[in-house]
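What follows is each chain in one-letter form.
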Amino acid sequence: MFCRCENRFGAEPNELVCPVCLGYPGALPVTNQHAVDLAIRLALALGCKVRPRSVFARKNYFYPDLPKGYQISQYDEPLAKGGAVPLPSGGNVRLHRIHLEEDAGKLLHEVPGGGPLPGRSLVDFNRCGVPLVEIVTEPEIRSPEDAQAYLQTLHQVLLYTDASDGNMEEGSLRCDANLSLRPAGSDTLGTKTEVKNLNSFRHVAKALEYERERQLHILAAGARVEQETRSFDPASGATRSLRSKEEAHDYRYFPEPDLSVLVLAEGRIERQAEVLPELPWAKSARFRDSYGLRAEEAALLSGSVALATYYERAVAAHPAGARSIANWVMTEILRELKERKIPRDAGLLAGDSGGSGKAAIPPDRLAAIVALVDSGELSTTAAKDVLSEAWDSEETPDRIVDRLGLRQVRDDDQLEAWADAAIAANGKAADEYRGGRKQALGYLVGQVMKASRGSAEPRAAQEILRRKLA
Ligand SMILES: [Zn+2]
C-alpha cells in the first residue's frame with residue numbers, strides 16, 4: 001500500500017520486504033495510487049459515496065507482526081461511506097464505510113514444512129504493507145445464513161471489479177464477524193463479540209452459530225457478555241477468547257504525519273465509474289429477462305464473469321437456444337471441466353479465446369452442438385458423445401456427427417418407408433393401437449428405431465406412425 005514490494009502469495013518468508021514495510025527508521029511511505037483506484041471502483045460498485053478527501057491515520061498497537069508499532073489505516077475520514085449489497089433472497093445489507101489500510105505480517109507457530117516450535121514463533125513480513133480495504137456493514141444482518149450470503153455476493157463483486165483475486169485460502173478475503181443479541185421486540189443490541197480472521201464462508205456461518213448459542217447461554221444464566229475478540233477453531237467448531245476488545249481510544253489514532261491528505265483529483269472517481277462492469281445482480285436480472293432463465297439459473301450463470309461471458313458467447317452463436325445452452329453449460333460443461341480437472345473460470349476463459357489444452361470447448365462449438373439437438377438432427381444422448389469428441393478437436397461438430405453416423409433421419413420418405421414396414425410386420429400392435437391401447441405406439445416407434453439402427457428422429461417417427469395408423 002505504501003511501498004513497491006510485490007504482493008504475491010507463497011514466496012519464501014521475508015523475501016518480499018523493504019525498509020518501508022519493515023518499518024526502518026527514516027523510511028517514508030508513498031501511497032499506491034493503483035490500490036486507491038481499485039478501492040474507488042469497488043466502493044462505486046457497492047453503491048458507496050466516495051469522498052474526494054480522506055485522511056490516513058496511525059492505528060497504534062504493539063504486536064510482533066507489526067514492525068512499525070502502528071498500522072496505517074483511515075479513521076474519522078474514510079475513503080467511502082454508505083452503500084449496500086443486495087442479497088439473493090431479496091433485501092439489502094447496508095454498508096457503513098469502506099477504508100484503505102495496510103496488512104500486517106504473519107506469525108508462524110511451526111517451521112514451514114517442518115515441525116512445531118515449542119515456546120517460540122517465527123514471523124513472516126511478506127504480507128506487511130499489502131493493500132487492504134476494510135468494508136464495514138451496518139449491524140443489520142440477522143442470521144448466519146444471511147452473513148454467508150452477504151459475503152458470497154461481496155466475493156463476486158471483488159472478482160467482477162478486479163479489486164481482489166478473492167482467494168480466501170490465501171487470505172485475500174477475510175472476515176471479522178461481530179455478533180450481539182437483543183431481547184425479542186427490542187431495538188437495542190447487547191454487547192458484541194468479534195470473531196477474527198475467518199477465511200471461509202462456511203466458517204463464518206459456523207462461528208456465528210456457535211457465538212449465538214454461547215451468548216444465549218450466558219444471558220440465560222443472568223450473566224453479562226464480555227466485549228472481546230475471539231478466534232474460531234474449524235476443527236472443533238468453537239470460538240475462544242483471544243483478548244478483551246480494545247476501544248477506539250486504545251489505539252491512539254492520529255493523522256499519519258508522513259502522508260498528505262488523500263485528495264482525489266477531478267475526474268478520478270468518474271474514470272472508475274466508466275470502467276465499472278455490469279454487476280452480478282444486474283447481470284442476473286438481465287439473464288432472466290433476456291433469455292427466459294429461472295432465477296436460480298440466472299444466479300448461477302452470472303456467478304462469475306468467466307461463466308457469464310462463456311454463456312453469452314454461446315448464445316450469440318445460437319440465439320434461439322438460450323435456454324438449452326444454459327442447461328448444457330450448467331450440467332455438461334461444468335461436469336466435463338471437473339472430470340478433466342480444468343479450473344472452472346480459467347478453463348472457460350481459455351475456451352472463450354479459442355485456446356485448447358486446459359480449456360473448455362469454445363462456446364461457438366457448444367452452440368453448434370446444441371443447435372443440432374434443437375433441430376432434431378442429433379439426439380441428446382448422442383450430443384454428449386459429440387461434446388466429448390469435439391472438446392479438444394479441430395473437427396467441427398457437424399463433421400463429427402457425420403463421421404460417427406449420429407445424424408438422425410428426419411427425411412419423411414425414409415421415415416415413411418420404415419413406418420410402413422413396421423406396421424406391416426406388426427399387425428397385432430397396430431390393431432391394438434387402433435383399438436385404443438395407446439402404449440402400442442411406443443412399441444412401433446421402437447421398431448422404426450431398430451430398423452433405422454437408431455438414426456430415426458423419434459419424435460418425427462412417432463408423428464408419422466400416428467398419422468398412418470389414424
Ligand atoms: Zn515493502
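Refer to the structure printed above.
Here we summarise the structure given alongside this text. Keep in mind the model is a prediction, meaning the values are calculated, not measured.

### Here's the deal with the sheet that holds strand β13 (residues 228–233)
In space, the four strands of this open sheet follow the order β11-β12-β13-β14, with mixed pairing throughout. Only two strands of the sheet have a single partner each, and these edge strands are β11 (175–179) and β14 (238–244). The mean angle between the axes of side-by-side strands here comes to 30°, regardless of whether they run parallel or antiparallel. Of the pairings in the sheet, the one linking strand β12 (residues 193–198) to β13 comprises two bridges and is parallel in character. Looking at β13, one finds that glutamate 194 is bridged to threonine 229. Running at roughly 160° to β12, helix α3 (residues 201–220) makes contact with β11, β12, β13 and β14 of the sheet.

### Quick word on the sheet that holds strand β15 (residues 254–255)
Spatial ordering of the open sheet is given by β4-β3-β15, a layout of three strands whose pairing is antiparallel. The open sheet has two edge strands, β4 (70–74) and β15, and neither has a second partner.

### Some words on the packing of aromatic side chains
Applying the stated criterion to the full structure yields seven aromatic pairs. Aromatic pair phenylalanine 2 and phenylalanine 56: ring centres 5.3 Å apart, planes at 85°, arrangement edge-to-face. In this pair, phenylalanine 2 sits in the segment before α1 (33–45) while phenylalanine 56 sits in strand β3 (residues 56–60), placing the two residues 54 residues apart along the sequence. Taken together, a centroid distance of 6.0 Å and an interplanar angle of 65° make the contact between tyrosine 251 and tyrosine 253 edge-to-face. Overall, tyrosine 253 belongs to the partly exposed group, its relative accessible area being 21%. In textbook terms, an aromatic cluster arises when at least three aromatic residues are bridged by ring pairs, as seen for Tyr61, Tyr75, Tyr251 and Tyr253. Across the ring face of tyrosine 70, the terminal group of arginine 58 is positioned such that the distance to the ring centre comes to 4.0 Å.

### Side note on helix α8 (residues 322–339)
An α-helical segment advances 3.6 residues per turn. Residues three or four places apart therefore align on the same side. Here α8 contains 18 residues, and its C-alpha end-to-end distance of 25 Å stays within 8% of the 26 Å for a straight helix at 1.5 Å per residue. By the largest-angle criterion, valine 329 marks the main kink of α8, which is about 35°. Three or more residues of α8 are buried, namely Ala322, Ile325, Ala326, Trp328, Val329, Met330, Glu332, Ile333, Glu336 and Leu337. Looking at the buried positions of α8, the neighbouring elements they touch are α5 (280–291), α6 (295–301), α7 (305–317), α9 (344–352), α10 (363–374) and α11 (380–390). Immediately downstream of α8, the backbone of lysine 341 shows phi near 55°, a positive value.

### Quick notes on the coordination of the zinc ion
Within the protein, the zinc ion binds to Cys3 (SG), Cys5 (SG), Cys18 (SG) and Cys21 (SG); these donor distances fall in the range 2.3 to 2.4 Å. Relative to the metal, the four donor atoms surrounding the zinc ion lie at angles of 102 to 118°, and the coordination shape comes out tetrahedral. Read N to C, the donor residues that coordinate the zinc ion are spaced as C-x1-C-x12-C-x2-C. Of this pair, cysteine 3 sits in the segment before α1 while cysteine 21 sits in the segment before α1, and the two are 18 residues apart along the sequence. A relative accessible area of 4% places cysteine 21 in the buried class.

### Quick look at the pairing of β3
Most of β3 is tucked away, with five of its five residues classed as buried. Residue alternation in β3 divides its side chains into two sets, Phe56, Arg58 and Asn60 and Ala57 and Lys59, and both sets are buried. By the bridge criterion, five bridges tie β3 to β4 in an arrangement that is antiparallel. Its bridge partner lying in β4, alanine 57 is registered against serine 73. One ladder, built from two bridges, connects β3 with β15; its direction is antiparallel. For arginine 58, the partnering residue across the bridge sits in β15 and is phenylalanine 254.

Cut-off values and rules
Residues numbered from 1 in each chain as written. Predicted model: local features only at pLDDT ≥ 70, side-chain atom pairs only at ≥ 80, totals over all residues. Heavy atoms only, no water. Pairing = 2+ DSSP bridges. Helix = DSSP H or I, 4+ residues; strand = E, 2+ residues; numbered from the N terminus. Axes fitted to C-alpha atoms, helices over the stretch in contact; angles between N-to-C directions. Contact = heavy atoms within 4.5 Å. Phe/Tyr/Trp six-rings, centres within 6.5 Å; stacked < 30°, edge-to-face > 60°. Buried < 20%, exposed > 50% of the residue type's maximum accessible area, 1.4 Å probe, protein only. Lys NZ or Arg CZ within 6 Å of the ring centre and 35° of its normal. Expected span 1.5 Å × (residues − 1). Bend = angle between axes of the 7 residues up to and from the residue. Donors = N, O, S within 2.8 Å, 3.2 Å for Na, K, Ca; no water. Tetrahedral: all angles 85-135°; square planar, octahedral: opposite > 155°, others 65-115°.

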